[in-house]
Amino acid sequence: MAEYPAPDKQSLAVYVMRCLLKFQALVRKDRNAFQDRNIFYQQAKEEFGPLAEEGIGATHSQLDLLEYIVESMQQRPMYLRALMAALLFQEIGKIDGCAVALPAPDTLPTSAERGALILDQTDLLEQYHVDLQMKDLAILLVRHHGLIGRLLQGEEPVPILERLTASQDEQFLDALVLQAVLNTAAAQEGLLVADLLDGLLNFRAIGHHLIQAKSTWRVWLEESLLEKGKAVMPEFCFAEGSERAQRATGRDSQDSSRDPMPNKVLRHGRQAAAFERLLRMMRITWVDFQDLQMFLMKMPIAFIYYKKKLKSVGLATFEAQLNEAVKIFQLVSRMPPDAQYGLLDGLDHLGGSVRVHDFHILPEFLEIEASVKLLMLSLQMCWRYFGPEAENSLILFGPLSQKIEKVHSALQRDLRHLPFPECRGDQDGPSLSDHGQSSGCVHFEPNLAEQTIRVDYRYTIPIDLMEQSLATIWDREVLQRRFHELVEELRRKLPFDARDFEEALAKAFEAQQKKISDQALAALQEQLGVVGSFSAFHELEQTLERQQVELQFSEEQRFLLKEIFEFHRSRTRDRYLDAIYQKINTFRSGEELTAYWNSLKYDLFSYRAYLGKEYESLIAQFIEQKLAEMERTLG
């Protein structure tokens with residue numbers, strides 16, 4: 001999902017339904033349905049100790065405001081219906097079957113833009129009796145959904161919010177903020193804590209102020225950064241960068257056309273805000289530059305914490321994030337001046353203002369230094385492809401994030417030996433291929449028209465093709481032999497421990513084994529379906545017993561096999577018994593019936609494993625009844 005924070009693993013359908021249910025709860029003012037109090041109370045005890053008296057979810061005043069926003073939208077039903085349509089279709093751009101219908105889906109960098117185009121070029125919304133004006137509004141909500149959440153994650157620069165207030169429509173801004181709140185609440189129960197909700201609602205308050213004052217986010221941002229710069233202590237200022245680095249990025253410190261207020265105070269504020277963007281992308285949510293300064297000046301952590309007045313974050317969590325922030329600050333401070341300047345310039349809201357999507361997943365698997373190097377390398381490639389003057393370029397880490405669990409060890413190993421890139425747009429910067437052998441390399445795929453770069457990881461050995469080759473083998477012995485050959489090839493070609501890649505191959509091997517077993521199970525079921533006698537059934541059962549070890553059925557498959565056999569055993573038994581009863585009813589004399597019974601009882605004895613002794617008794621009783629009836633008839 002595009003919203004912050006990332007949701008737990010749930011299908012798109014479940015996520016969309018949860019969004020609509022959360023929206024319904026606000027409309028009905030059902031606060032217990034909007035948030036699970038028990039979950040937030042348990043989280044409060046984890047954060048503040050067992051004596052916590054209440055949860056850390058949305059407060060009553062915050063819920064009052066959300067309900068007020070919904071009530072005001074009800075006065076203009078068009079916005080309410082457009083928001084419902086947007087919630088229903090906001091993730092349609094992630095559905096492959098829908099995106100294929102687009103003229104050029106690969107040229108649209110984000111799923112939100114793909115979703116908006118799908119709604120614009122199809123009649124999906126018209127099926128819900130949406131008029132043209134409402135359709136345009138719903139498409140705008142889909143196109144911009146996730147923007148505010150990404151801003152809180154540090155993935156977007158603040159000036160991007162001009163898109164939300166350009167129409168000077170306060171109700172549209174309310175709809176977008178409400179959509180962000182609902183997306184976050186639906187992503188996973190317990191994510192929408194009070195402090196996060198404050199952040200979302202704060203953007204609404206600022207946006208309303210700017211609309212009423214007929215101002216812009218850039219003007220507000222410059223004022224905010226100037227105040228932030230005044231609080232930056234001289235000993236914590238970042239490097240200015242050489243003239244060469246400033247020329248390379250196209251942001252010479254003397255260029256007043258690029259910097260409306262070219263003074264050191266504003267520049268320090270910009271650098272501090274850029275560093276805060278880096279912290280957010282590194283999953284450090286609650287620490288700002290001023291907190292970091294106070295901590296480095298040896299102020300007590302408890303004082304810094306209580307000064308922030310956090311409602312939903314405990315001291316231990318805040319302290320852990322503060323310590324991580326110090327590590328990142330020390331790392332950035334140790335960088336060469338040009339590298340330090342380039343990194344912060346790329347994340348500067350008023351400078352490079354590069355947009356960075358789906359990076360926040362990577363620090364969970366990579367060390368701090370490796371994560372920062374990868375980001376800097378991507379910024380370097382961004383300027384290399386689009387030029388130093390490019391602003392609002394987009395770096396998409398989604399392709400890499402999807403496979404990071406598999407490749408993190410190799411990527412970590414490669415990044416460890418890479419020097420810090422200078423993030424300038426020249427052609428001689430370092431790359432992963434310059435430093436020793438590697439199992440793969442980071443691949444940058446630029447889209448010049450959209451000024452977008454997709455970051456992926458490609459193997460120098462064809463791991464993907466190896467996995468695919470296993471999926472084409474349907475003989476178990478051949479499959480096993482091929483798997484061992486591929487593992488030996490990995491160990492021979494890779495200059496380091498290849499366990500991650502071996503695990504990937506092992507999963508593909510096991511998946512194909514299961515397919516072979518499923519195929520054998522389906523064939524066996526088909527054979528059982530045409531079995532008409534116990535002798536044929538017995539032969540098939542013996543064949544299966546011989547193949548049992550070779551087929552390596554899972555416990556679930558063995559259970560299913562047992563059920564299949566039991567079903568066909570019952571079916572064969574019923575047919576056999578029915579044939580016996582029909583045969584008995586054809587005899588007209590006791591001699592014939594007795595002769596038949598004398599031959600039949602030997603068969604019944606041999607099939608006792610399938611029939612059971614009770615059926616022998618039942619058949620014998622039936623024959624005795626028939627003989628008695630014949631005697632009475634003859635008598």
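What you are looking at is a predicted structure, and each value in this text was computed from that prediction instead of being measured.

Colleague: Please clarify how the overall build of the chain should be interpreted in this entry.
Modeller: Scanning the chain from terminus to terminus reveals 29 helices and four strands. Per-residue burial for the chain yields a buried fraction of 51% across its 635 residues. By element, 52% of the accessible surface of the chain is carried by carbon and sulfur atoms, the whole surface being about 30,800 Å².

Colleague: Looking at this structure, I do not really get the nonpolar core. What am I missing?
Modeller: A general tendency of soluble globular proteins is for nonpolar side chains to be buried together. Counting residues in each nonpolar core, the largest one holds 153 residues, and the members touching the most others are F34, L178, F275, L343, L375 and F397. Here the element with the most residues in this core is helix α11 (residues 170-187); it accounts for twelve residues. Dropping the residues within four chain positions of it, L375 is found in contact with L278, M281, L343, L347, V356, F359 and F397. Of all hydrophobic cores here, the second largest spans twelve residues; its members include I580, F587, L593 and M630.

Colleague: What's the story with the side chain of S401 in this structure? I'm lost.
Modeller: Structurally, S401 is set in helix α21 (residues 398-416). Reaching out from S401, the side chain makes a polar contact with the backbone oxygen of D358 at a distance of 2.7 Å. For S401, the contacting residues outside a window of four places in its chain are D358, I361 and L362.

Colleague: In this structure, what is going on with the pattern of salt bridges? I would like to understand it.
Modeller: One pass over the full model with this rule turns up 24 salt bridges. Put simply, K94 and E91 hold a salt bridge, and the shortest N to O gap is 3.2 Å. The network of salt bridges with shared partners includes R18, K22 and E189.

Colleague: Hey, could you run me through the packing of helix α20 (residues 368-386) against α21 in this one?
Modeller: What describes two packed helices is the angle between their axes and the distance between those same axes. Where α20 contacts α21, the axes come no closer than 10 Å and their chain directions differ by 100°. Comparing their axes, α21 and α20 come out roughly perpendicular. Only L400, L411, Q412, L415 and R416 of α21 make contact with α20, whose side of the interface consists of A370, K373 and L374. Along the lines of polarity and charge, the residues of the contact of α20 with α21 split into five nonpolar, one polar and two charged.

Colleague: Mind showing me how you'd approach unusual backbone geometry here?
Modeller: Although it is not a glycine, D358 sits at a positive phi angle of roughly 65°. Within the secondary structure, D358 sits in the loop between β1 (355-357) and α20. At Q451, a position not held by glycine, the phi torsion is positive, near 50°. Tracing the backbone through its elements, the reader meets Q451 in the loop between β3 (440-447) and β4 (452-459). Its relative accessible area of 27% is what places Q451 among the partly exposed residues.

Colleague: Can you walk me through the packing of helix α4 (residues 60-74) against helix α12 (residues 194-213) in this structure?
Modeller: Remark: α4 packs on α12, axes separated minimally by 11 Å, with the N-to-C direction vectors making an angle of 40°. Judged by the inter-axis angle, α4 sits oblique to α12. At the point where α4 passes α12, the crossing takes the left-handed sense. Of α12, the residues touching α4 (which contributes Q62, L65, L66, Y68 and I69) are A194, L197, D198, L201 and R204. The residue makeup of the contact of α4 with α12, split by class, is seven nonpolar, one polar and two charged.

Colleague: Sorry if this is basic, but what is going on with helix α22 (residues 463-470) here?
Modeller: An α-helical turn contains 3.6 residues, so a residue and the one three or four places further along point in the same direction. I463, M466, E467 and L470 are the residues of α22 that are buried. End-on view of α22: buried residues confined to an arc of 95°, all on one side of the axis.

Colleague: What's the story with a nonpolar patch on the surface in this structure? I'm lost.
Modeller: A contiguous nonpolar patch, built from M233, M297, M299 and F303 and spanning about 330 Å² of accessible area, is present on the exposed surface. Looking at the secondary structure, you find F303 in helix α17 (residues 301-308).

Colleague: Quick question: what am I supposed to make of α11 here?
Modeller: End to end, α11 covers 26 Å across 18 residues, agreeing with the expected 26 Å (1.5 Å per residue, within 8%). Here α11 lies mainly inside the structure; 17 of its 18 residues are buried. Capping the start of α11 is the job of one residue whose side-chain oxygen sits 3.0 Å from the backbone nitrogen of Q171: D169.

Colleague: Help me understand the environment of E91 in this model?
Modeller: Mapped onto the elements, E91 comes out in the loop between α5 (77-89) and α6 (96-99). Along the primary structure E91 and S111 are separated by 20 residues, whereas in three dimensions their C-alpha atoms are 7.2 Å apart. Of note is the side chain of E91, whose polar atom sits 3.4 Å from the side chain of H145.

Colleague: What is the right way to read the packing of aromatic side chains from this model?
Modeller: Think of a pair of aromatic rings as described by two things: how far the centres are apart, and how the planes are tilted against each other in angle. What the rule picks out here adds up to 13 aromatic pairs. Ring geometry for F203 and W217: centres 6.3 Å apart, planes at 50°, overall tilted. A residue pair is termed long-range when its members are at least 10 positions apart, and F203 in helix α12 and W217 in helix α13 (residues 217-230) qualify at 14 residues. Plain terms: the ring middles of F238 and F329 are 5.5 Å apart, the flat faces sit at 65° to each other, and that makes the pair edge-to-face. Linking F238 in the loop between α13 and α14 (243-249) with F329 in helix α18 (residues 315-334), this pair joins segments that are 91 residues apart in sequence. In terms of burial, F238 and F329 fall into one category: buried. Chaining the aromatic ring pairs together yields one cluster made of F236, F238, F275, F289 and F329. Geometry around F34 places K22 over its ring, the cationic atom sitting 5.9 Å from the centre. Positioned over the ring face of F420 is K373, at 5.3 Å from the centre of the ring.

Calculation rules
Residues numbered from 1 in each chain as written. Predicted model: local features only at pLDDT ≥ 70, side-chain atom pairs only at ≥ 80, totals over all residues. Heavy atoms only, no water. Helix = DSSP H or I, 4+ residues; strand = E, 2+ residues; numbered from the N terminus. Buried < 20%, exposed > 50% of the residue type's maximum accessible area, 1.4 Å probe, protein only. Areas by Shrake-Rupley, 256 points an atom, 1.4 Å probe, with all protein chains shown as cover. Core = buried A, V, L, I, M, F, W, Y, C linked by side-chain atoms within 4.5 Å. Contact = heavy atoms within 4.5 Å. Polar contact = N/O pair within 3.5 Å; in protein donor to acceptor, adjacent residues only side chain to side chain. Salt bridge = Lys/Arg side-chain N within 4 Å of Asp/Glu carboxyl O. Axes fitted to C-alpha atoms, helices over the stretch in contact; angles between N-to-C directions. Parallel < 35°, antiparallel > 145°, perpendicular 65-115°, else oblique. Nonpolar A, V, L, I, M, F, W, Y, C, P; charged D, E, K, R; others polar. Left-handed = near helix turned anticlockwise from the far one by under 90°. Arc of directions from axis to C-beta. Patch = residues over 30% accessible without salt bridge, like charges linked within 9 Å, V, L, I, M, F, W, Y side chains within 5 Å. Expected span 1.5 Å × (residues − 1). Phe/Tyr/Trp six-rings, centres within 6.5 Å; stacked < 30°, edge-to-face > 60°. Lys NZ or Arg CZ within 6 Å of the ring centre and 35° of its normal.

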